[in-house]
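Structural overview
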Amino acid sequence: MGTGRARVAASILTADFGNLYRAVRKLEKAGVDRLHLDVMDGHFVPNITFGPDVVASIRHLTKLPLDVHLMISEPSRYVERFIKAGSDSITFHVEVEEPDEVKRETLRTIRTARRASGLAVSPKTPTSAVEPYVPDLDIIMIMTVEPGWGGQKFIRGCAPKIAEAAAYFKPRPHGWEIHVDGGISRETAEIVGGFGADILVVGSALFERGHDTAREVRLVKMFADEGWRKEIGKGEPPIPRDEWRVVAQLPKAEAEHLSRRMEEKGIPSLVMRTGPLIEGVEPERVVMVPGTVEVYTRKTFKLGFAEEDEL
Ligand code: DX5
Ligand code: ZN
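Quick caveat, the model's predicted, so the values are computed rather than measured.

1. Quick notes on the coordination of the zinc ion (ligand 2)
The protein atoms that coordinate the zinc ion (ligand 2) are His36 (NE2), Asp38 (OD), His69 (ND1) and Asp181 (OD), at distances spanning 2.0 to 2.3 Å. One can describe the donor arrangement at the zinc ion (ligand 2) as octahedral, given that its 6 donor atoms subtend angles of 73 to 172° at the metal. Taken in sequence order, the residues that donate to the zinc ion (ligand 2) follow the motif H-x1-D-x30-H-x111-D. Of this pair, histidine 69 sits in strand β3 (residues 66–71) while aspartate 181 sits in strand β7 (residues 177–181), placing them 112 residues apart in sequence. Aspartate 181 matches histidine 69 in its accessibility class, with the two residues each being buried.

So, in structure tokens, the structure goes:
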């Protein structure tokens with residue numbers, strides 16, 4: 001987890017496949033937030049890695065969320081198997097030569113299984129290629145290297161696509177992510193953070209000889225948040241991703257009603273009892289939302305602002 005905004009998904013592509021158990025334990029200890037699993041078929045990309053069985057065995061090794069990145073030609077044929085293998089999110093490439101309707105169906109299949117659905121955009125593809133699919137998407141993954149191998153050099157010119165992708169999700173208050181994949185390290189994290197990347201995929205930088213993996217994870221997150229602060233926050237640090245904020249305190253029935261209206265608008269909410277338990281007295285409830293949607297929620301439901309509450 002961690003306190004800031006940026007999150008790290010570790011790509012195990014350059015890990016020692018002979019000892020996945022050790023690699024996964026090491027990444028867990030280093031504080032990565034998720035694992036990013038690169039599936040390659042030797043057709044969509046020249047390289048071949050692994051399939052759903054390896055995903056399933058990694059699923060048994062860890063409780064970390066698994067982001068599966070499919071670099072394969074026919075995602076529609078295999079998607080069910082990756083769902084069964086225990087993937088938490090499945091992202092395939094918008095460039096695959098399947099009809100639009102099939103791609104859309106695949107995204108819906110992923111979502112129906114209650115996993116997050118994503119499309120990845122290769123360096124030469126414009127971000128606009130994903131626009132028609134946005135209603136069926138939870139993730140847009142911007143590639144900052146050509147898909148195929150770990151350890152390649154970051155393509156700086158692709159970074160602005162992160163902001164372009166985020167703009168497509170703007171009308172949705174919550175529940176989407178921009179991933180950036182390829183050549184991310186402490187050197188490049190600030191750039192992608194400055195364009196608003198949520199999830200930074202980090203591969204070879206975590207497995208470099210002599211590097212302390214935990215320190216690299218901390219540095220990548222720190223620099224990404226620093227980039228966000230400078231470029232997006234106008235000097236203010238980002239709101240921590242896992243922070244919940246109280247937006248109202250109301251009698252039980254009203255709090256529950258408000259919470260339901262929030263959920264209808266796509267805002268997750270928590271309703272919690274306040275104060276001590278006194279027999280015969282029904283305590284009020286606080287309604288909480290993720291810090292990142294506090295301002296939106298207060299505006300939408302006319303709840304006033306935190307400063308006013310304090311007056
Ligand atoms: C590239 C893969 C990436 C890659 C990241 O095809 O999708 O996930 O392994 O590794 P690094 O960080 O080494 O570029
Ligand atoms: Zn990847």
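2. Quick word on the domain arrangement of the protein chain
In terms of domain boundaries, the protein chain breaks down into domain 1 (7–231) and domain 2 (244–300). Centre-to-centre separation of domain 1 and domain 2, based on C-alpha positions: 34 Å.

3. Quick look at the side chain of arginine 285
Looking at the secondary structure, you find arginine 285 in strand β11 (residues 285–290). The class of arginine 285 is buried, set by a relative accessible area of 7%. Here the side chain of arginine 285 touches glutamate 282 through a polar contact of 3.1 Å, side chain to side chain. Ignoring sequence-local partners within four residues, the contact set of arginine 285 consists of Ala248, Gln249, Leu250, Lys252, Ala255, Val271, Met272, Arg273 and Thr274.

4. Some points on the nonpolar core
Counting 61 residues, the largest nonpolar core has Val32, Leu35, Leu37, Ile140, Ile178 and Leu200 as its most contacted members. Ranked by residues supplied to this core, first place goes to helix α1 (residues 20–30) with 5 residues. Grouped together as the second largest cluster of nonpolar side chains are 11 residues, Ala255, Leu258, Met262 and Val293 included.

5. A word on the packing of α1 against helix α8 (residues 213–231)
Packing of α1 against α8 brings their axes to within 8 Å, and their N-to-C directions diverge by 50°. Taken together, the axis directions place α1 and α8 in an arrangement best described as oblique. Handedness of the crossing formed by α1 with α8: right-handed. In contact with Lys26, Leu27 and Ala30 of α1, α8 contributes Thr213, Ala214 and Val217.

6. Structural notes on a nonpolar patch on the surface
On the surface, Trp244, Leu270 and Met272 cluster together into a nonpolar patch covering about 270 Å² of accessible area. Summarising the element assignment, tryptophan 244 is placed in strand β9 (residues 244–250).

7. Overview of the site of ligand 1
For ligand 1, the set of nearby residues contains 20 residues, the closest of which are Gly148, Gly151, Asp181, Gly183 and Ser204. Taking aspartate 181, its side chain carries an N or O atom lying 2.7 Å from an oxygen atom of ligand 1. Separating an oxygen atom of ligand 1 from a side-chain N or O atom of serine 204 is a distance of 2.6 Å. In isolation ligand 1 has 380 Å² of accessible area, and contact with the protein removes 99% of it. For the shell around ligand 1, the elements supplying multiple residues, two or more each, are β2 (34–40), β3 and β8 (199–202). Among the elements that make up the shell around ligand 1, the one with the highest residue count is β2 (3 residues). Residue classes in the shell around ligand 1 are distributed as 8 nonpolar, 10 polar and 2 charged.

8. Considerations on the packing of aromatic side chains
A complete count under the given rule lists 2 aromatic pairs for this structure. Seen in terms of ring centroids, phenylalanine 17 and phenylalanine 50 are 5.7 Å apart; in terms of plane orientation they differ by 40°. Their pairing is tilted. With phenylalanine 17 in the loop between β1 (7–11) and α1 and phenylalanine 50 in the loop between β2 and α2 (52–61), the pair connects residues that are 33 residues apart, well separated along the chain. A relative accessible area of 35% means that phenylalanine 17 is categorised as partly exposed. Relative to tryptophan 176, the ring of phenylalanine 169 has its centre 5.0 Å away and its plane inclined at 20°; by these criteria the two rings are stacked. No difference in accessibility class separates phenylalanine 169 from tryptophan 176, as the two residues are buried.

9. As for the environment of arginine 172
Here arginine 172 shows up in the loop between α5 (160–169) and β7. Note on arginine 172: relative accessible area 23%, which makes it partly exposed. Along the chain, arginine 172 and glycine 4 lie 168 residues apart, while their C-alpha atoms are 22 Å from each other.

10. So, the sheet that holds β11
The strand order across the open sheet formed by 3 strands is β9-β11-β10, and the pairing between neighbours is antiparallel. Looking at strand neighbours, the two that pair on one side only are β9 and β10 (270–273), the edges of this open sheet. On average, each strand axis in the sheet is inclined to that of its neighbour by 30°, with strand direction left out of account. As judged from the 6 bridges shared by β9 and β11, these two strands associate in the antiparallel manner. Residue alanine 248 lies in a different strand from β11, and its bridge partner there is valine 287.

The rules behind these values
Residues numbered from 1 in each chain as written. Chains lettered and ligands numbered in written order. Predicted model: local features only at pLDDT ≥ 70, side-chain atom pairs only at ≥ 80, totals over all residues. Heavy atoms only, no water. Donors = N, O, S within 2.8 Å, 3.2 Å for Na, K, Ca; no water. Tetrahedral: all angles 85-135°; square planar, octahedral: opposite > 155°, others 65-115°. Helix = DSSP H or I, 4+ residues; strand = E, 2+ residues; numbered from the N terminus. Buried < 20%, exposed > 50% of the residue type's maximum accessible area, 1.4 Å probe, protein only. Domains from an automatic or database assignment. Polar contact = N/O pair within 3.5 Å; in protein donor to acceptor, adjacent residues only side chain to side chain. Contact = heavy atoms within 4.5 Å. Core = buried A, V, L, I, M, F, W, Y, C linked by side-chain atoms within 4.5 Å. Axes fitted to C-alpha atoms, helices over the stretch in contact; angles between N-to-C directions. Parallel < 35°, antiparallel > 145°, perpendicular 65-115°, else oblique. Left-handed = near helix turned anticlockwise from the far one by under 90°. Patch = residues over 30% accessible without salt bridge, like charges linked within 9 Å, V, L, I, M, F, W, Y side chains within 5 Å. Areas by Shrake-Rupley, 256 points an atom, 1.4 Å probe, with all protein chains shown as cover. Salt bridge = Lys/Arg side-chain N within 4 Å of Asp/Glu carboxyl O. Near = heavy atom within 4 Å. Nonpolar A, V, L, I, M, F, W, Y, C, P; charged D, E, K, R; others polar. Phe/Tyr/Trp six-rings, centres within 6.5 Å; stacked < 30°, edge-to-face > 60°. Pairing = 2+ DSSP bridges.

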